[in-house]
Amino acid sequence: MNRPDFIDRSAKRQTCMQFINQTRTIERATKRKLLSQQMGRQQALNALSSAEVQQLARELAGQLRRKNVGSKFISEHEMKKHSEKIYKSLPEVVKKKEELKKENAKKTNLLMANIFKKNLQKKTLCGSVNLSNYSTVLKI
């Protein structure tokens, strides 16, 4: 009479525990059905004891684990290749690669222009080139 809130809370706890118990029994029943379907047995697993059901579940889990272990793991070499492929496709890396390519092209063009100037200067000094064609290159 003095603590009606305590009685309410305990009643709520009891209903929660009953609900949890019901859901656990439903889960156990569904697991047994799935296990019986997986094992391909005609007899229902309800006839077996809980220890026998647990043993069957362990065996089945062991078989499933053994089958899938090989396909999950990759070698270290393949892992490095995969990581390198991902790294090379990053936008920062692609951008830096393009910038290096452009810089190399600029250096090559500048070097070719300098070689052309030197060859033109040599030919001009020898007198084998008419300077009127190259007035923009050499100013007299």
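Residues numbered from 1 in each chain as written. Predicted model: local features only at pLDDT ≥ 70, side-chain atom pairs only at ≥ 80, totals over all residues. Heavy atoms only, no water.

Trainee: Describe the overall build of the chain, listing the residues and the values that go with them.
Mentor: When you go through the chain residue by residue, the secondary structure sums to 4 helices and 0 strands. Burial analysis of the chain (140 residues in total) assigns 7% to the buried set. Nonlocal contacts in the chain, meaning residues at least 24 apart in sequence, comprise 3% of its contacts between residues at least 6 apart. With an accessible surface of roughly 13,200 Å², the chain has 57% of that area assigned to carbon and sulfur atoms. (Helix = DSSP H or I, 4+ residues; strand = E, 2+ residues; numbered from the N terminus. Buried < 20%, exposed > 50% of the residue type's maximum accessible area, 1.4 Å probe, protein only. Contact = heavy atoms within 4.5 Å. Areas by Shrake-Rupley, 256 points an atom, 1.4 Å probe, with all protein chains shown as cover.)

Trainee: Kindly report on a nonpolar patch on the surface, identifying the contributing residues and their values.
Mentor: Taken together, the side chains of M17, F19 and I20 present a nonpolar region at the surface, about 320 Å² in accessible area. Assignment of secondary structure puts I20 in helix α1 (residues 4–39). (Patch = residues over 30% accessible without salt bridge, like charges linked within 9 Å, V, L, I, M, F, W, Y side chains within 5 Å. Salt bridge = Lys/Arg side-chain N within 4 Å of Asp/Glu carboxyl O.)

Trainee: Before we move on, can you summarise helix α4 (residues 91–126) with the specific residues and values?
Mentor: End to end, α4 covers 53 Å across 36 residues, agreeing with the expected 52 Å (1.5 Å per residue, within 8%). Within two residues after α4, G127 carries a phi angle of roughly 90°, on the positive side. (Expected span 1.5 Å × (residues − 1).)

Trainee: Any chance you could break down the confidence of the model for the chain for me, citing the residues and the numbers?
Mentor: The predicted model of the chain has a mean per-residue pLDDT of 80, with 76% of residues at 70 or higher. The weakest mean pLDDT in the chain belongs to helix α2 (residues 50–72) at 67; the strongest belongs to α4 at 93. (pLDDT = per-residue confidence, 0-100.)

Trainee: Describe the pattern of salt bridges, and please don't skip the residues or the numbers.
Mentor: For the coordinates displayed, the defined rule picks out 5 salt bridges. Of the charged contacts, one joins D5 and R3 as a salt bridge, the two residues approaching to 3.5 Å between their closest N and O atoms. When its relative accessible area of 37% is taken as the criterion, D5 is described as partly exposed. In this structure R3 comes out as partly exposed when scored by relative accessible area, which is 47%. A salt bridge links K88 to E84; its shortest N-O distance comes to 3.2 Å. Of this pair, K88 and E84 both sit in helix α3 (residues 76–88), separated by 4 residues, roughly a single helical turn. Through salt bridges that share partners, R3, D5 and R9 make up one connected network.

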